[in-house]
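Descriptive analysis of the structure
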Protein chains: 2
Amino acid sequence: MVRGRPRSFDRIETLDQILALFWREGFDGASMQQIADAVGVSKPSLYDAFGNKESLFLAALARYADRDGQRQIAALEAEADARLAVLGLLNAMVDSSPICGSPAGCMVVASASLCAASHIPEAVQGAVRSMLDRSTEALARRFERAACDGDLPPGADPRAMAAYFGTLLCGLGVQARAGASRDAMRQVVTSAMGTWPPGHHRTQP
Amino acid sequence: MVRGRPRSFDRIETLDQILALFWREGFDGASMQQIADAVGVSKPSLYDAFGNKESLFLAALARYADRDGQRQIAALEAEADARLAVLGLLNAMVDSSPICGSPAGCMVVASASLCAASHIPEAVQGAVRSMLDRSTEALARRFERAACDGDLPPGADPRAMAAYFGTLLCGLGVQARAGASRDAMRQVVTSAMGTWPPGHHRTQP
DNA sequence: CTCTAAAGCTACCGATCGGTAGGAAATTCA
DNA sequence: TGAATTTCCTACCGATCGGTAGCTTTAGAG
């Protein structure tokens, strides 16, 4: 056992609350005092547990990737039909708001605009861009596999489709954060998928 | 003539500089001191000329609407072929970065994420959302006209198309701000327009 | 029970935030 | 040349920012 006084709060649980705050308010919109109040811990305890604000944000972003990102990627891989897989991703973005206490949209998309300002630490900007790239690459991998399965519309380029749907997800993320209605967003998803008729999957000849 | 000491700076010219700063750094990323230094004017002069920070941002946003928004809407209306009109809008977003000293993307899209934080003045959040809505409505008007002209793909719903392309523009705005390459963005535009083959316009039977 | 190590807190640091008081400078009107 | 008016700037306000010094409290090791 480790010596010393044990920590009075759960690190992961606390990180989930902090994540939600950064998500809603942005990197410099959420002050350390506000965060400390929200999790019911004094400010120095935050610094003891997570370092400075930059490393705290990076930890929250990593937690988001582990919790939400991995889940989405797993769902993307698990669905056998590529069209249904990407449709599930788009619908998840549409339905994102009230699933739990999380804000609407996607934390990475929100942070992409929030963290482009020059005074944001370089490491934070880099982490956000890296996660945006990794999302597009996850899509590309899924579409490459679909191409091998003969599961793509004829003549479709997997990487181009990944860039396209990645951009569309960013757009939906902005709309969700701006308070767009679910109906409007569903309409967008329908329009975007309308060009990709079902039935290409090899199990649906 | 008005009595009193004449203003030493041009209001519109100054507003253009301030607009660019808000665009890059966001509402609270750009401090009044930073703005004053950038335009070469003392801080109290800013308050004399524009009121407080909130009204200064609203003035900058209105200037953006007059300068860039109106130009895009005019181009959208001027192009007779609806497909070419929306293609021009998408390409303008792709090419937005180095046209002048302006940052990449679109100020409204950037502000949509930046101004969703709870500590941003209500009027600012409302103005941003209103401009986002007005953009979609401008697209809808253009597509309604195209529907009358028989200039839309068969069975297309003008309002759904407006929501779709509006969302796509938001996505491109995020990508541009996140530093996506022009080639990747062009690929996205190609994918998005690929489903809308040319030749529907009545002058191209 | 004592010592050590880790975590808790109050109270504070300098810097910067948005915003303003109050006087000097510049211009028109009489 | 005054008086009136408007803009300019230096210097300052309280509040809040990220971050920390230093003491107290809680635990295990001996």
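Residues numbered from 1 in each chain as written. Chains lettered and ligands numbered in written order. Predicted model: local features only at pLDDT ≥ 70, side-chain atom pairs only at ≥ 80, totals over all residues. Heavy atoms only, no water.

**So, the relation of the copies chain B and chain A**
- When chain B is fitted to chain A, the best match, at an RMSD of 0.0 Å, comes from turning it 180 degrees and sliding it 0.0 Å along the axis. Here the transformation between the copies is reduced to the relation of a two-fold axis. Among all C-alpha atoms of chain B, that of Gly 171 of chain B lies closest to the rotation axis, at 1.8 Å.
- Of the residues that chain B buries at the interface, 100% are likewise interface residues in chain A, meaning the two copies contact each other through the same surface. (Least-squares fit on C-alpha atoms with pLDDT ≥ 70 in both. Contact = heavy atoms within 4.5 Å.)

**Let's talk about the pattern of salt bridges**
- Under the definition given, this model contains 16 salt bridges over all chains.
- Across the salt bridge formed by Glu 77 of chain A and Arg 145 of chain A, the nearest N and O atoms sit 3.3 Å from each other. Residue Glu 77 of chain A is found in helix α4 (residues 53-78), and its partner Arg 145 of chain A is found in helix α7 (residues 122-148); the two are separated by 68 residues along the sequence.
- According to the relative accessible area criterion, Glu 77 of chain A is partly exposed, its value standing at 30%.
- With a relative accessible area of 28%, Arg 145 of chain A lands in the partly exposed category.
- Arg 186 of chain B serves as the salt-bridge partner of Asp 95 of chain B, at 2.8 Å between the closest nitrogen and oxygen. Remark: Arg 186 of chain B occurs in helix α9 (residues 182-194) and Asp 95 of chain B occurs in the loop between α5 (82-94) and α6 (107-114); sequence separation between them is 91 residues.
- Take Arg 186 of chain B: its relative accessible area is 33%, and that puts it in the partly exposed class.
- The structure contains a network of salt bridges with shared partners spanning Asp 16, Arg 63, Arg 67 and Asp 68 of chain A. (Salt bridge = Lys/Arg side-chain N within 4 Å of Asp/Glu carboxyl O. Helix = DSSP H or I, 4+ residues; strand = E, 2+ residues; numbered from the N terminus. Buried < 20%, exposed > 50% of the residue type's maximum accessible area, 1.4 Å probe, protein only.)

**Overview of the packing of aromatic side chains**
- For the structure on display, the rule yields 16 aromatic pairs over all chains.
- Judged by centre distance (4.9 Å) and plane angle (70 degrees), the rings of Tyr 164 of chain B and Phe 165 of chain B are edge-to-face.
- For Tyr 164 of chain B, a relative accessible area of 7% puts it in the buried group.
- Following the ring pairs from residue to residue traces out a cluster consisting of Phe 143, Tyr 164, Phe 165 and Trp 196 of chain A.
- Positioned above the aromatic ring of Phe 27 of chain A is the side chain of Lys 53 of chain A, whose terminal nitrogen or guanidinium carbon lies 5.1 Å from the ring centre. (Phe/Tyr/Trp six-rings, centres within 6.5 Å; stacked < 30°, edge-to-face > 60°. Lys NZ or Arg CZ within 6 Å of the ring centre and 35° of its normal.)

**Overview of the interface of chain B and chain A**
- Taken together, the contact between chain B and chain A spans 35 residues of the former and 35 residues of the latter.
- Carbon and sulfur atoms make up 62% of the area that chain B and chain A hide from each other, which totals about 2,800 Å².
- Taken together, chain B and chain A are joined by 0 salt bridges.
- The interface formed by chain B and chain A holds 5 residue pairs in polar contact (both at pLDDT 80 or more) in total.
- Examining the composition of the side of chain B that touches chain A, we find that 13 residues originate from one element, helix α8 (residues 158-177) of chain B, more than from any other.
- Along the lines of polarity and charge, the residues of the side of chain B that touches chain A split into 18 nonpolar, 11 polar and 6 charged. (Buried area = accessible area lost by both parts, 1.4 Å probe. Polar contact = N/O pair within 3.5 Å; in protein donor to acceptor, adjacent residues only side chain to side chain. Nonpolar A, V, L, I, M, F, W, Y, C, P; charged D, E, K, R; others polar.)

**Here we look at the protein's contact with DNA strand D**
- Neighbouring residues of DNA strand D: 25 residues in total, closest Lys 43 and Lys 53 of chain A together with Arg 5, Ser 8 and Pro 44 of chain B.
- Put simply, 64% of the atoms of DNA strand D that lie within 4 Å of the protein are in sugar or phosphate.
- Arg 7 of chain B has a polar side-chain atom sitting 3.3 Å from a phosphate oxygen of DNA strand D.
- Side-chain polar atom of Ser 42 of chain B to a phosphate oxygen of DNA strand D: 3.0 Å apart, as the coordinates give it. (Near = heavy atom within 4 Å.)

**A look at the protein's contact with DNA strand C**
- Around DNA strand C there are 23 residues in total, and Ser 42 and Pro 44 of chain A together with Lys 43, Tyr 47 and Lys 53 of chain B lie nearest to it.
- Sugar plus phosphate: this is where 65% of the atoms of DNA strand C within 4 Å of the protein reside.
- At 2.9 Å from a phosphate oxygen of DNA strand C is found a side-chain nitrogen or oxygen belonging to Ser 42 of chain A.
- Here a base oxygen of DNA strand C sits 2.6 Å away from a polar atom, N or O, in the side chain of Lys 43 of chain B.
- Those elements that provide at least two residues to the surface near DNA strand C are α3 (43-50) of chain A together with α3 (43-50) of chain B.
- If you tally residues by element for the surface near DNA strand C, the top one is α3 of chain B, at 3 residues.
- Residues belonging to the surface near DNA strand C are distributed by class as follows: 9 nonpolar, 7 polar and 7 charged.

**Focus: the packing of helix α4 (residues 53-78) of chain B against α6 of chain B**
All names here are of chain B.
- Following both chains from N to C, one finds α4 and α6 inclined at 145 degrees, their axes separated by 11 Å at the closest point. Facing α4, whose interface residues are Phe 57, Leu 61 and Tyr 64, α6 presents Met 107, Val 108 and Ser 111.
- Considering only residue class, the contact of α4 with α6 consists of 5 nonpolar, 1 polar and no charged. (Axes fitted to C-alpha atoms, helices over the stretch in contact; angles between N-to-C directions.)

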